[in-house]
Amino acid sequence: MTTTRTGYKWVGTRPVRHDGLDKVTGRARFGADYATAGMLHGVVLRSPHVHARILSIDLTEAAAMPGVKAIITGADLPDIPDETGTGSEGGINFRDLSRNILARDKVLYEGHPVAAVAAVTLRAAQRAAEAIEVDYEILPAVLSLEEAMEDDAPVLHDDLFTLGLDSPPDRPSNISRRRVIARGDLDAGWEEADVVVEREYTTKAVHQGYIEPHAVVAETGEDGRSTLWCSSQGHFAMRTYTTKVLGWEPGDMKVIPAEIGGGFGGKTTIYLEPLAALLSRRAGRAVKMVMTRSEVFRATGPTSGSVMRIKMGARRDGKLVAATAWMAYEAGAFPGSPIGPGVMTVLACYDIPNVLIEGYDVVLNKPKVAAYRAPGAPMAAFAAESVVDELAEELGIDPIELRLRNAVTEGVRAVYGPKYRKIGFVETLEEARDHPHYSAPLGPWQGRGVASGYWFNFGGETTATVSINEDGTAVVMSGCPDIGGTRAALAQMAAEELGIDVHRIEPVVADTHSIGYNDMTGGSRVAFAVGIAVVDASRQLIDDMCARAALIWDVPREEVEWVDGRAQSVTGAAAPLTLEELASGSGATGGPLSATVTVNPRGAGAGFSTQICDVEVDPDTGLVTVLRYTVVQDAGRAIHPDYVEGQMQGGAVQGIGWALNEEYIFDRNGVMENPGFLDYRMPVASDLPMIDTVIVEVPNPDHPYGVRGVGETGIIPPMAAVANAVYAATGKRMQDLPMSPVRVLEALSGD
Amino acid sequence: MKYRAPTSIDEAVELLSAHPGAEVFAGATDLIPQIQGGRPEPSLVVDLKRIPETVRLEAENGFWRVGAAIPAAVLTAHEGLTAAFPGLVEGAGLIGSDQIQGRATLGGNLCNASPAADSVPPLVALGAEAIIVGRGGERSAQVSEVVIGPSATSLDQSEFITEFRIPAPSRGSSDAYERFIPRTEMDIAVVGAAARIRVDGDGRCEEAAVVLAAVAPTVVEVSAASGILEGRVIPHYSGRDAFWDELGEAVVACCNPIDDKRGTAEYRRKVAQVLARRTVVTAARRARETL
Amino acid sequence: MSRTHVTCVLNGDEIDFLCNDYQTLLSALRDELGMIGTKEGCGTGDCGACSVILDGQLVCSCLVFAPEVEGRRVETIEGLAEVDHLHPLQDSFLEGAAFQCGVCTPGFLMAAKALLDRNPSPTETEVRYGVAGNLCRCTGYDKIVRSILDAAARMSDPERQKEAT
Ligand SMILES: Cc1cc2nc3c(=O)[nH]c(=O)nc-3n(C[C@H](O)[C@H](O)[C@H](O)COP(=O)(O)OP(=O)(O)OC[C@H]3O[C@@H](n4cnc5c(N)ncnc54)[C@H](O)[C@@H]3O)c2cc1C
Ligand code: FES
Ligand code: FES
């Protein structure tokens, strides 16, 4: 359901997407679908230990096996300096990246790559990997945040000294960074509060769960120039990272983007790419590498497990007056949890005068985390929105009403600094409150919860080209992989501007040698930032075409305007010229019609979502069933409402999985026990009801059509919404995720 | 690894006898994931599905003969079998997804020897017999005797099960199976419970069998159940009837569960009682409906 | 090692291929026959991305040994459409925006086809259980379920069927 109508012809409509036919017929090529004649197959040998020193690696036997063409270990990668680059979802340390791709002296989690082999068949490569002899010295492991933060904990990195402390530490620890946000006068705040709630929450590591495993084909020539086919959230970043780790020149590598089978942040970094490229260089043949599902779970980024303590105080009238948050996030084997966005978003929905937020980034012997949809925000919202729910109950104020009384609005200063521009949080709350779902009756053992969430959204460096073909059709070229329908949205914006049918426009994702630089698809940036560039390029083209019409008609430029896909004389002096006519004759008027625009826009437009969840709890087994679910979210403007709804629904369901059953389970030694979809329990179709959506449109003033990012906000509220619903159904507050049947039954038997 | 698909029992037994590293399979829904998970590949896999005896399904002389290599999807679509053994069909119908049921078999479910196998508790509750062939000829064994521990059976290397012989239900007799999983599909049972109940003309329980999955190293029968339930008209569960507590205690006494990634021992004990009650109620209702 | 010669009917055509006995049907389709429409998400039967129809039965092609299909009928995503028009399920998926990344789509379409072949007018619950062996991480299933229900309606409504062709 869309709440506002647009006066547009294409923007806001639901055309069939351009890449759709290939996807329903099996023709679309994803990462693992590429092959070249004579290519080799590569596999990774991974550490069976969670923490160990590599004493020696003996390749003799493996290298002598039939069909083996190349083997590499950490010693084959340059030991690059401690240097940080930027990604669209946070900084990236190339030294750590290199050591995560191939361990150098220590392995830091079970599944950490130790060597890679290329051979003529996958089997031969697997056999050879098994024949590699690695001698390890087992080191004591650190498996939980509590252990990792203890004073005498075994240390993963001798050179890791906590940043952000009041006085610099004199010895290394597992805490890589402390982040603090403070404002106001807390003592005064607590003084003013009539009701105070303080609780501790924990969440487990969860995986993005994209269905397509990581895959790459690399071909490196005798001249050292290489081509990579891979699916990722940003082929330019893949090139930057891969060449950095290998010590190669970015210009020597071309990355051709495959269709991407889901990423959700998890494909914003590299794992196999440098291995395949280097193996290919060593073997002189193309090398294909595809992860197994077990490898995906054990060695690619989940998002952080966390421990959080939240305290909030409110006056009787519902005004929140003080809050503190203490948060620790697991980074995995190397620093870099999303604690930054965690501390920034945890209280970002509310206007609270007195605040202290303290966050810790902690390393331990688990896979290095990677970005996952609104990195750092969902667990923070689980904690904060649970406390808000409890406050509402204590105050006797409806939970949506309590949120309305404290909601941030335009001009309010966010707890982390800047003032909010035009935002739609209040509108999402009002829509939720007035939705029939919010007042529908409930049965026994059923309960309803609500929760809200905030995400910044991101702009980023962008290049887009719009070209007109001689038949008047157009090509819209961007360099951002399309994960969820952005090609259609970009074509719609171009169609709207150019005044032609959306299906006369072909949107393409171009490789690194065919278009200028683009940041990754991440931070919900494509419809926003690439949209701006496409609209701009379309407008430049229109201007150019009007000028050409003026030339043909020999009239001043001002006498030509663009109407419905045609150049028109304002005086009516000449018959209009269609796009097709202008294009086919462009040789005579100055050459081909094409415009390229580069931008790095700010003002991505903050996104808010408010969600309502009904559950039923089986008191005998602790099973929680989601009965009804509604997502209300501000999209600024929905260019293609189907795909906006899809983002909201997909995000909410990932959050429901995180709430109920998803978790990394480790055995005593830190080995993951559930590295497969059978026991890593993502929701299946029969677990869910339809997910209702309400798209709120409070246009973003910084985008020509008002777009805000929509990809991420949807995953933020669900865990708290489910927990609040479970409370309403059972009277038990669930403070630890997941709310699995075992945990719920335990809570129910707690009386 | 080589693949062979014999078309007779003799040919199959010969292959197995000649290849010490050979292993039979039917649906491969356990075999292939286990190989993917790192278990060594057999040197030869012997496909049982082209042997006519393993895919036969018929009722004769007071018995049902159910081929050990029939996919679950065929069993669940079979009206006669569903009417005779609704609990067994429930068990088979819970194995994995539609895709898995297109392949998974009763023989594989049993011989994979997992304590969480969904079709095994109903087979045991029904008193089913496995017909086993091998180098020594044909023999039969109670289903409950086939599995001797996790991943271990009493079959020798040349042996396999051709079919199950299940006593046809008498009037007043029926069965039920229920399991608990955290999702609605695609999970391995945290606990499972099967019940077979026979009632007399007044709907009074004459005989009962309750069998549990995933609460001990193998599927276990609650042998005290029959004594507790006999002579009762089994109503809906209500906390008021003391015999439910007795049944619960008997269930717990049979449980020897572990804490693992799928659930805690404590949880399994609790839910085993819940499921035992639920399946007993369902089986009793179905039994009365046959009168 | 000598490879095994397998003959089968693939999407209506009798074809043959060579494979190693340890290969799965999924691997034979993708690596030997170049039919990359069938996807691998797990290789262990848990995601349904590799769904194909084997002798009328929906199966995970990652759990079938390639030589097993000797003499059998295999249907894959590549055979779903007719020369000049799509299967109603494909139309519904396109119009109903039933996918985002689309990597799960071939598997869902095959599972949905098997479901509708068996049960032409399923309820929402039957659809949800019918595709419970297929994971989709992008959509939350809402639009997939709606599209399958829509396709069932199209297929049972002669008017709409005529429209489509
Ligand atoms: C995604 C997924 C979900 C699953 N869900 C469930 C579930 O919910 N419940 C459940 O119980 N199981 C489940 N399973 C496990 C499996 O599907 C079942 O155990 C199935 O019944 C095995 O049958 P099969 O024919 O495929 O066995 P196979 O893999 O062919 O064989 C399994 C074992 O039994 C032996 N064997 C097979 N047939 C015979 C025979 N006739 N005589 C002697 N030995 C034989 C084989 O040598 C092998 O060791 C699931 C599996 C997967 C992949
Ligand atoms: S690849 Fe076969 S089920 Fe996942
Ligand atoms: S559309 Fe991406 S997994 Fe389904």
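Model, not experiment: these values are computed from the prediction. (Residues numbered from 1 in each chain as written. Chains lettered and ligands numbered in written order. Predicted model: local features only at pLDDT ≥ 70, side-chain atom pairs only at ≥ 80, totals over all residues.)

Participant: Could you give an account of the overall build of chain A, with specific residues and numbers?
Facilitator: Summing up its helical and strand segments, chain A has 21 helices and 30 strands in all. With the C-alpha coordinates aligned to their principal axes, the bounding extent of chain A is approximately 85 × 75 × 50 Å. Within chain A, buried positions represent 62% of all 751 residues. Contacts spanning at least 24 positions in sequence make up 80% of the contacts within chain A whose residues lie at least 6 apart. (Helix = DSSP H or I, 4+ residues; strand = E, 2+ residues; numbered from the N terminus. Buried ≥ 20, exposed ≤ 12 C-beta atoms within 10 Å, placed from the backbone. Contact = placed C-beta atoms within 7 Å.)

Participant: Any details on the site of ligand 1? Residues and values, ideally.
Facilitator: Close to ligand 1 lie 35 residues, the nearest being Gly-27, Gly-96, Gly-107, Gly-108 and Asn-109 of chain B. In this structure, ligand 1 is bordered by residues of chains A, B and C. Those elements that provide at least two residues to the shell around ligand 1 are β2 (22–25), α2 (31–36), α7 (106–111) and β10 (160–167) of chain B. (Near = placed C-beta within 6 Å.)

Participant: Kindly report on the domain arrangement of chain A, identifying the contributing residues and their values.
Facilitator: Residue and element names in this part refer to chain A. For chain A, the assigned domains read domain 1 (20–28 + 459–599), domain 2 (34–139 + 212–261 + 267–299) and domain 3 (302–457 + 605–748). Spacing between the C-alpha centres of domain 1 and domain 2 amounts to 39 Å. Facing the 18 residues of domain 1 at the interface are 17 residues of domain 2. A breakdown of the residues in the side of domain 1 that touches domain 2 according to their chemical character gives 7 nonpolar, 8 polar and 3 charged. (Domains from an automatic or database assignment. Nonpolar A, V, L, I, M, F, W, Y, C, P; charged D, E, K, R; others polar.)

Participant: With reference to specific residues and values, describe the nonpolar core.
Facilitator: Ranked by size, the top nonpolar core spans 418 residues in total, and within it Val-117, Val-722 and Val-726 of chain A together with Leu-212 of chain B carry the most contacts. In terms of residue count, helix α16 (residues 526–553) of chain A provides more of this core than any other element does, 15 residues in total. Excluding anything up to four places from it in sequence, Val-726 of chain A contacts Gly-447, Val-615, Val-617, Val-624, Lys-732, Met-734, Met-739 and Val-744 of chain A. (Core = buried A, V, L, I, M, F, W, Y, C linked by C-beta atoms within 7 Å.)

Participant: Could you give an account of the interface of chain A and chain C, with specific residues and numbers?
Facilitator: At the interface, 42 residues of chain A touch 41 residues of chain C. At the level of secondary structure, the elements contributing two or more residues to the side of chain A that touches chain C comprise α1 (20–25) and α19 (641–660) of chain A. For the side of chain A that touches chain C, the element with the highest residue contribution is α19 of chain A, accounting for 7 residues.

Participant: So what about the domain arrangement of chain C? Which residues, and what values?
Facilitator: Residue and element names in this part refer to chain C. Examined at the domain level, chain C breaks down into domain 1 (4–79) and domain 2 (88–164). Between domain 1 and domain 2, the C-alpha centre-to-centre distance is 22 Å. With 3 residues, strand β3 (residues 51–54) is the single largest residue contributor to the side of domain 1 that touches domain 2. Broken down by class, the residue content of the side of domain 1 that touches domain 2 amounts to 7 nonpolar, 5 polar and 1 charged.

Participant: Could you give me a rundown of the pairing of strand β30 (residues 691–696) of chain A, with the residues and numbers involved?
Facilitator: Residue and element names in this part refer to chain A. Across the 6 residues that make up β30, a large majority, 6, are buried. Neither face of β30 is left uncovered, since the one carrying Ile-691, Thr-693 and Ile-695 and the one carrying Asp-692, Val-694 and Val-696 both have all their residues buried. Relative to β30, strand β29 (residues 624–634) is paired through 6 bridges, and the arrangement is parallel. Looking at β30, one finds that Val-632 is bridged to Val-694. Taken together, β29, α19 and β30 constitute a β-α-β crossover, and its handedness is right-handed. (Pairing = 2+ DSSP bridges. Right-handed = clockwise from strand over helix to strand, strands pointing away.)

Participant: A description of the environment of Ser-119 of chain B should follow, citing residues and the corresponding values.
Facilitator: Residue and element names in this part refer to chain B. By the element assignment, Ser-119 lies in the loop between α7 and α8 (120–125). Separated by 17 residues in sequence, Ser-119 and Gly-136 place their C-alpha atoms 28 Å apart. Apart from residues no more than four positions distant in its own chain, Ser-119 is found in contact with Leu-88, Gly-91, Ala-92, Ile-95, Leu-106 and Asn-109.

Participant: Would you mind going over the confidence of the model for chain A in detail, with residue names and values included?
Facilitator: Mean pLDDT over chain A: 95, with 98% of residues reaching 70 or higher. Segment residues 1–5 of chain A: pLDDT under 50, and 10 contacts once partners within four positions in sequence are set aside and those in other chains are kept. (pLDDT = per-residue confidence, 0-100.)

Participant: Can you break down the interface of chain C and chain B residue by residue, with the values?
Facilitator: Across the contact, 24 residues belong to chain C and 23 residues belong to chain B. Looking at the side of chain C that touches chain B, the elements that each hand over two or more residues are β4 (57–60), α3 (105–118) and α4 (124–130) of chain C. The element contributing the most residues to the side of chain C that touches chain B is β4 of chain C, with 4 residues. Residues that form the side of chain C that touches chain B fall into these classes: 12 nonpolar, 9 polar and 3 charged.

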